[in-house]
Amino acid sequence: MDSVSALLDSIADVGRDATRGGYSRGVYTSAELTLRTWFEEEARRRGLAFETDRNGILWGWWDAGSGGRTGSLVTGSHVDSVPGGGAYDGPLGVASAFAAVDILRERGIRPNRALAVAVFPEEEGSRFGVPCLGSRLLTGAIDADAARNLTDADGLTFAEASRAAGIDPAHLGRDDDTLRTIGDFVELHVEQGRGLIDLDSAVAVGSTILGHGRWRLSVSGQGNHAGTTLMADRADPMIAAAQIVLAIRNAARAEDGARATVGRLQPVPGGTNVIASRVDLWLDVRHADDAVTAALVERIHGQAQKAAAFEGCSVSLTMESQSGTVSFDPALQRTLRNSLKGAPLLPTGAGHDAGVLAGVLPTAMLFIRNPTGVSHSPEEFVERDDADAGATALADVLEDLL
Ligand code: HGY
Ligand code: MN
Ligand code: MN
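What comes next is a walk through the structure. Within every chain, residues take consecutive numbers counted from 1 along the sequence as written. Just so you know, chain letters begin at A and ligand numbers begin at 1, following the order they were written in. At least 70 in pLDDT is required for a residue's local features to be given in this predicted model, at least 80 for side-chain atom pairs to be given and counted, and no such filter applies to totals for whole chains, interfaces and linings, which use all residues. Excluding hydrogens and water, the side-chain figures rest on all heavy atoms present in the structure.

1. Section: the overall build of the chain
Right, on to step 1. Counting secondary structure elements, the chain contains 13 helices and 15 strands.
Right, on to step 2. Its C-alpha atoms give the chain a radius of gyration of 22 Å, near enough to 21 Å, the size a compact globule of 402 residues would have.
Right, on to step 3. Seen through its C-alpha atoms, the chain measures out along the principal axes to roughly 75 × 45 × 40 Å.
Right, on to step 4. Every accessible area reported is derived by Shrake-Rupley at a probe size of 1.4 Å, with residue values counting cover from the shown protein chains alone. Total accessible area on the chain is roughly 16,500 Å²; 49% of this is exposed by carbon and sulfur atoms.
Right, on to step 5. Here the chain holds 36 positive side-chain charges and 54 negative ones, and the gap between their average locations is 1 Å. The helix count covers DSSP runs of H or I at least four residues long, the strand count covers runs of E at least two residues long, and both are numbered beginning at the N terminus. Atoms considered for the radius of gyration are the C-alpha atoms alone. The globule rule reads 2.2 Å times the number of residues to the power 0.38. Think of it this way: Lys and Arg go in the positive column, Asp and Glu in the negative one, and His and the chain ends go nowhere. Here the site of a charge means atom NZ of a Lys, CZ of an Arg, CG of an Asp or CD of a Glu.

2. Quick look at the pairing of strand β11 (residues 278-287)
Right, on to step 1. The buried label applies to any residue whose accessible area, calculated with a 1.4 Å probe on protein chains only, is under 20% of its type's maximum; exposed applies above 50%, and partly exposed to all values in between. When you tally the buried positions in β11, you get nine out of 10 residues, the bulk of the element.
Right, on to step 2. Pairing between two strands requires that DSSP report at least two bridges joining them. Inspection of the sheet shows strand β7 (residues 211-220) paired to β11 by 10 bridges, in the antiparallel sense. Following the sheet pairing, Ser220 is matched in β11 by Arg278.
Right, on to step 3. Note: strand β9 (residues 259-268) against β11, nine bridges, orientation antiparallel.

3. Remarks on the coordination of the manganese ion (ligand 3)
Right, on to step 1. The manganese ion (ligand 3) binds to the protein through Asp89 (OD), Glu124 (OE), Glu124 (OE) and His376 (NE2); the donor distances cover 2.1 to 2.7 Å.
Right, on to step 2. Water is not among the atoms examined, so metal sites may look incomplete; donors are the N, O and S atoms within 2.8 Å of the metal, or within 3.2 Å for Na, K and Ca. Sequence spacing of the donors to the manganese ion (ligand 3): D-x34-E-x251-H.
Right, on to step 3. For the pair the manganese ion (ligand 3) and the manganese ion (ligand 2), the metal-to-metal distance amounts to 3.5 Å, and Asp89 bridges them. Pair noted here: Glu124 is in the loop between β4 (115-119) and α4 (133-139) and His376 is in the loop between β15 (363-368) and α13 (384-401), with a separation of 252 residues, a long-range link.
Right, on to step 4. Classification of Glu124 by relative accessible area gives buried; the value is 6%.
Right, on to step 5. The partly exposed category is assigned to His376, whose relative accessible area is 41%.

4. Some words on unusual backbone geometry
Right, on to step 1. Residue Pro269 follows Val268 across a cis peptide bond; omega there is 5 degrees.
Right, on to step 2. Despite not being glycine, Glu122 shows a phi value in the positive range, around 55 degrees.
Right, on to step 3. Turning to its location among the elements, Glu122 is positioned in the loop between β4 and α4.
Right, on to step 4. Positive phi values are uncommon outside glycine, yet Asp200 reaches one of about 50 degrees.
Right, on to step 5. Of note, Asp200 is situated in the loop between α8 (196-199) and β6 (203-209).
Right, on to step 6. Under the relative-accessibility criterion, Asp200 is labelled exposed at 66%.

5. Brief notes about the nonpolar core
Right, on to step 1. Note on terminology: a nonpolar core comprises buried Ala, Val, Leu, Ile, Met, Phe, Trp, Tyr and Cys residues joined through side-chain atoms within 4.5 Å. Grouped together as the largest cluster of nonpolar side chains are 54 residues, with contacts concentrated most on Phe39, Leu92, Phe98, Leu336 and Leu366.
Right, on to step 2. Looking at this core, the element that brings in the most residues is helix α3 (residues 91-106), giving 10 residues.
Right, on to step 3. Pairs of residues are marked as contacts when any of their non-hydrogen atoms sit within 4.5 Å. Beyond its immediate chain neighbours, meaning those up to four positions away, Phe39 contacts Phe50, Leu58, Trp59, Gly60, Val94, Phe98, Val117 and Val119.
Right, on to step 4. Counting 25 residues, the second-largest nonpolar core is a separate cluster that includes Val219, Ala235, Val285 and Leu296.

6. Regarding helix α11 (residues 330-339)
Right, on to step 1. Turning to α11, its buried residues are Leu332, Gln333, Leu336 and Ser339. One side of α11 carries all its buried residues, which in axial view fall inside an arc of 125 degrees. When the buried face of α11 is taken as reference, the exposed residues oriented beyond 90 degrees from it are Pro330, Arg334 and Asn338.
Right, on to step 2. Where α11 is buried, its residues contact β5 (182-190), β6, β14 (345-348), β15 and α13.
Right, on to step 3. Under this definition, polar contacts are N or O atom pairs within 3.5 Å; protein pairs additionally need one hydrogen-donor-capable and one acceptor-capable atom, and for neighbouring residues in sequence, both atoms have to be side-chain atoms. Of the residues flanking the start of α11, the one acting as N-cap is Asp329, its side-chain oxygen 3.2 Å from the backbone nitrogen of Ala331. An arc is given here, and it is the one of the directions from the helix axis to the C-beta atoms.

7. Here we look at the coordination of the manganese ion (ligand 2)
Right, on to step 1. Distances from the manganese ion (ligand 2) to its protein donors, namely His78 (NE2), Asp89 (OD) and His189 (NE2), fall within the range 2.0 to 2.2 Å.
Right, on to step 2. For His78, a relative accessible area of 0% puts it in the buried group.

8. Some points on the pairing of β7
Right, on to step 1. Most of β7 is tucked away: seven of the 10 residues are buried.
Right, on to step 2. Two elements, β7 and strand β12 (residues 314-323), share nine bridges in a ladder whose sense is antiparallel. The residue bridging Arg214 from the neighbouring strand is Ser321, located in β12.

9. Here we look at the environment of Trp59
Right, on to step 1. Within the element layout of this structure, Trp59 appears in strand β2 (residues 58-62).
Right, on to step 2. It is 8.6 Å that separates the C-alpha atoms of Trp59 and Leu48, two residues lying 11 residues apart in sequence.
Right, on to step 3. Setting aside residues no more than four positions away along its own chain, Trp59 makes contact with Phe39, Ala49, Phe50, Glu51, Asp53, Val74, Ala116, Val117, Ala118, Thr178 and Ile182.
Right, on to step 4. A polar contact of 3.0 Å, which involves the side chain of Trp59, links it to the side chain of Asp53.

10. So, the site of ligand 1
Right, on to step 1. Every residue close to ligand 1 is listed here: Glu123, Glu124, Arg286, Ala350, Gly351 and His376.
Right, on to step 2. A distance of 2.7 Å separates an oxygen atom of ligand 1 from a polar atom in the side chain of Arg286.
Right, on to step 3. Summarising the interface, the protein chains cover 95% of the accessible area of ligand 1, which totals 210 Å² for the free molecule.
Right, on to step 4. When grouped by side-chain class, the residues that make up the shell around ligand 1 number one nonpolar, two polar and three charged. Throughout, the term near means that a residue has one or more heavy atoms lying within 4 Å of the molecule or strand in question. In this count, Pro and Cys sit with the nonpolar residues alongside Ala, Val, Leu, Ile, Met, Phe, Trp and Tyr, while Asp, Glu, Lys and Arg are called charged and the others, Gly among them, polar.

See the structure below:
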């Protein structure tokens, strides 16, 4: 049996980002394709039936007797990353699923229903802008045409990238046959945020996922020459954007429990000696109450319009994705806590495919201790012993659910 750390060590050099640090494994880029091959090899090594479905979701099936696959037990996560991400966000869940299969085999467990390990593409939405794109397509939570037309920074569409990865984009979309095979879904994931270190526990059971959404603000002004344009003659969208970023921070600070982030800002054309003609910035807003999120975005939009007008610019706001707050299936949550002898419950501020699937089937999550709580950063970390404790916990849960 490979320990979780050994499995993660085997992909530790895939997609390292020398500029940002950490890993950049955008969906269907060479790094992520390498990890998809790794998944296939690890699945086949375990005698799991490997399949890629029409939405690009990878499956390793442990078929049980003659029971078919309807209502199977599925576990897994994702292998794509944010730019400069950590080693655990996603891959920990996949490696732990393989390790849990090994443990079940060692325990001589013979499943009475099929068990599958799954990998969902574009969980981070880092390349095509919509998080959990694979699970949204599977469940029909996103229109297939809208998904096909999503573009990356180079203007390549998701349809073109899917085709290049061997997935026919014409078949993207809600997949009821596959949905029928999933009875329950349990995702193990590295903890994101500080919690377990203070609860003195290596493993927690997920309780809720914070509602979250993404909006694009485009500030338009007058592109011009940096040297020949007097300060009084400028309509500089970069100045307006700077005011908007500060206004976003202040608006979120004023709303208890809200989080608002601008992690990505793109001047066009982006020359050192050029006053930008446009600045795009992306807003990530999260709050437990979806109505509060909507009101906060509305306030931000109003302040952005004022800031833009003051600089002689204009601004547009476009929603790119939104997911409401999710509470995991109570019965499944109870089963997991019984299996794990009262492991603590932990809410998460991060989105997950389990949150999208929760809209159509019973899902649950396990979180594994991350001593600093830092994530979406090279400093994301899990102790080797905690990683193995997580795989054992997952095996215990799967055994009880099988
Ligand atoms: O952004 C998120 O919450 C998740 O990591 N995709
Ligand atoms: Mn993740
Ligand atoms: Mn993530």
